[in-house]
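# Remarks on the overall topology
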Amino acid sequence: MLNSILNFLTRRIKSTVSRNQIKVFSIKRLGINKKHLSRGAIDTIKKLQQNNFNALVVGGAVRDLLVGVKPKDFDVVTNAKPEQIKKIFRRSRIIGKRFKLVHVYVGDETIEVSTFRSKNSSNVMFDDNGRITRDNSFGERDEDANRRDLSINALYLDPFNDQVFDYHNGVNDIQSKIIRVIGSPAERYREDPVRMLRVLRFSAKLNFSIEYETYINIKKYSNLINGIPKSRLFDEVVKLLLSGNAMKGMEELWSTKLYLTAMPFLHDVFTSQYLNNSDFTVNNFLTLALNLVDKRVKTSKTVSIGFILACLFWHRLLKDWNVNRSRGLREIPALLDAINKIMDENFTSSPIQKRYLTDMKEIWILQPRFEKRRGKAPFRLIKNIKFRAALNFLKLQADIKMVRPELVTWWDDFSTQKDEGRLTLINSLSHPSPKNSKARRKKIEENRPI
Ligand code: ATP
Ligand code: MG
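An account of the accompanying structure is given in this report. If you're wondering where the values come from, they're calculated on a predicted model, not measured in any experiment.

### Notes on helix H2 (residues 39-50)
Its 12 residues place the ends of H2 16 Å apart at the C-alpha level, agreeing with the 16 Å of an ideal helix rising 1.5 Å per residue. Taken as a whole, H2 has its buried residues at Gly 40, Ala 41, Ile 42, Thr 44, Ile 45 and Leu 48. Of the surrounding secondary structure, the elements contacted by the buried residues of H2 are strand E2 (55-58), strand E3 (75-78), helix H4 (82-88), strand E5 (101-106) and strand E6 (109-115). Once H2 ends, the next one or two residues include Asn 52, with phi positive near 65°.

What follows is the structure in structure tokens.
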């Protein structure tokens, strides 16, 4: 009884502490199970502490442990300098120029160990727009906390003293499901505009809402994104799409209009998917596709970026493909021409790695080949390394009745059978009509994917 009164009082006192004042929680009180910490992180911290350095788990892993999500990796922060860290760990490597840190290898784990950053020291370099171009200035833990992007990412966990240090009300924001930038959003976005995309990503990943100032300043400063290397932007958008809540990510990109600067190629996707400028309405195909991506992410299955791109631009491709057909082009030349048009208009100076674009094109090109189920064609198709991805793509179309479900069932069967069974499946198909008969042409017409 006494304990619960004391608990109640401390909670009240703690909740009245102003922002920026450190709060200390016990791991147990936060419901964190220490078993979920990785061996690599524990060993790294132990060794640093044995060498009389301060060392803690920081950032995403602490946040994820608090929301009950399995952390995908562990970041450690310490007051040891990169060279000192390197000396302690035989299997380690200093990486980065703009932001020096050390990769420590423990078994098959890589632990990213960084040194507490300091604020406004002579070693932090800014460009004319206020963007940080180099930051290798080291300081204390509270300064480090000020340098982190979001309140929920500025939590420090000491596994040996069973404590979590919270400098910016991150625990409270996690409990209230709020994404909030530390400090003044305008200033923090100017220092590093990619933080705007990180806000959207974590809002999607955790299904949290975005605090008003954090949100409104994204709309205001979205043009700052222009100075960021395209490849860094694409990496961030990919992370957003693989957040496990891709539709919310797209919705946020749309509502903040951040896509206009961050990923202009999405303009095409939005204008072909969304019915008018104020509503966020996507067609069934994209909804299903992104739900499938989310499902795979949540069950730790691999997701191909090429597949996501193929889904995003499918609606647009169909439009051009149909235009080409109505101009009298045959099926395949009409498709190839439509693909070339999309490539020219969207991907000529794009940051997207070539292999993703090749996968995207391959998935599209394979679609009409699912109609060819006689002779050697199905055996050739099944050997294609993009067969699975292309079949999943076909399934999405069947789900919204853009292709016949029977076609998907047949290919599903075909892919699971041995040669003999495959021949039986081919023979089970009804006899083809004479080559250019009216009936055959009509059938092809009916079976078109749209
Ligand atoms: P994820 O689950 O995607 O790995 P994360 O929060 O761990 O999420 P990281 O990119 O691994 O994200 O970064 C680790 C930590 O470094 C963050 O939690 C945050 O504290 C800090 N950080 C990362 N990027 C920035 C940035 N652009 N500005 C300020 N702090 C950052
Ligand atoms: Mg991380």
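Back to the write-up after that little detour.
### Here we look at the packing of aromatic side chains
Per the stated rule, a full pass over the model turns up 16 aromatic pairs. Between Phe 285 and Trp 314 the ring centres are 6.5 Å apart and the planes differ by 40°, which places this aromatic pair in the tilted class. Taken together, the residues span a long stretch of sequence, with Phe 285 in helix H14 (residues 284-298) and Trp 314 in helix H16 (residues 314-326) at a distance of 29 residues. With a relative accessible area of 1%, Trp 314 lands in the buried category. Ring geometry for Trp 411 against Phe 414: centres 5.4 Å apart, planes inclined by 75°, an arrangement best described as edge-to-face. Within this pair, Trp 411 and its partner Phe 414 are both found in helix H21 (residues 405-416), separated by 3 residues, close to a single helical turn. Residues Trp 411 and Phe 414 agree in their burial class; the two are buried. Every member of this aromatic cluster is reached through a ring pair, and the members are Phe 370, Phe 379, Phe 387, Trp 410, Trp 411 and Phe 414. The residue whose ring lies beneath Arg 117 is Phe 99, and the NZ or CZ to ring-centre distance is 3.7 Å. Over the face of the ring belonging to Trp 321 we find Arg 325, whose NZ or CZ atom lies 4.2 Å from the ring centre.

### Some remarks on the packing of helix H8 (residues 194-206) against helix H11 (residues 246-256)
Packing of H8 against H11 brings their axes to within 8 Å, and their N-to-C directions diverge by 140°. Classified by chirality, the crossing of H11 by H8 is right-handed. On H11, the residues touching Leu 197, Leu 200, Ser 203 and Ala 204 of H8 are Lys 248, Gly 249, Glu 252, Leu 253 and Thr 256.

### Looking at H14
Compared with an ideal rise of 1.5 Å per residue, which puts 15 residues at 21 Å, H14 spans 21 Å between its outermost C-alpha atoms and is within 8% of the ideal. The set of residues buried in H14 consists of Phe 285, Leu 286, Ala 289, Leu 290, Val 293 and Asp 294. Across the axial projection of H14, the buried residues extend over an arc of 170°, all falling on one side. Opposite the buried face of H14, by more than 90 degrees, sit the exposed residues Asn 284, Lys 295 and Lys 298. Just past H14, the residue Ser 300 takes up positive phi, approximately 55°.

### Some details on the pairing of E6
Note: E3 against E6, 4 bridges, orientation parallel. Within E6, the position partnered with Asp 75 by the bridge is Glu 112. From the end of E5 to the start of E6, which pair antiparallel, there are 2 residues, and Gly 107 there has a positive phi angle of about 55°.

### Brief notes about the site of ligand 1
Inspection of the region around ligand 1 gives 16 residues, with Arg 63, Lys 72, Asp 192, Arg 195 and Arg 201 positioned closest. Take Lys 72: an N or O atom from its side chain is 2.8 Å from an oxygen atom of ligand 1. Among the elements of the structure, helix H3 (60-67) and H8 are those that each provide at least two residues to the shell around ligand 1. Looking at the shell around ligand 1, the element that brings in the most residues is H8, giving 5 residues. Taken together, the residues of the shell around ligand 1 break down into 1 nonpolar, 3 polar and 12 charged.

### Looking at the packing of H14 against helix H15 (residues 305-312)
Running from N to C, H14 and H15 point in directions that differ by 165°, and their axes come no closer than 9 Å. Between H14 and H15, the angle is such that the two are roughly antiparallel. In terms of crossing hand, the pair formed by H14 and H15 is left-handed. Residues Phe 285, Leu 286, Ala 289, Leu 292 and Val 293 of H14 lie in contact with H15, whose contacting residues are Phe 307, Ile 308, Cys 311 and Leu 312.

### Section: the side chain of Asp 173
Here Asp 173 lies in helix H6 (residues 170-176). Residue Asp 173 is classed as buried on the basis of its relative accessible area, which comes to 1%. In terms of polar contacts, Asp 173 uses its side chain to reach the side chain of Ser 151, at 2.7 Å. Here Arg 180 takes part through its side chain, which lies 2.9 Å from a polar atom of the side chain of Asp 173.

The rules behind each value
Residues numbered from 1 in each chain as written. Chains lettered and ligands numbered in written order. Predicted model: local features only at pLDDT ≥ 70, side-chain atom pairs only at ≥ 80, totals over all residues. Heavy atoms only, no water. Helix = DSSP H or I, 4+ residues; strand = E, 2+ residues; numbered from the N terminus. Expected span 1.5 Å × (residues − 1). Buried < 20%, exposed > 50% of the residue type's maximum accessible area, 1.4 Å probe, protein only. Contact = heavy atoms within 4.5 Å. Phe/Tyr/Trp six-rings, centres within 6.5 Å; stacked < 30°, edge-to-face > 60°. Lys NZ or Arg CZ within 6 Å of the ring centre and 35° of its normal. Axes fitted to C-alpha atoms, helices over the stretch in contact; angles between N-to-C directions. Left-handed = near helix turned anticlockwise from the far one by under 90°. Arc of directions from axis to C-beta. Pairing = 2+ DSSP bridges. Near = heavy atom within 4 Å. Polar contact = N/O pair within 3.5 Å; in protein donor to acceptor, adjacent residues only side chain to side chain. Nonpolar A, V, L, I, M, F, W, Y, C, P; charged D, E, K, R; others polar. Parallel < 35°, antiparallel > 145°, perpendicular 65-115°, else oblique.

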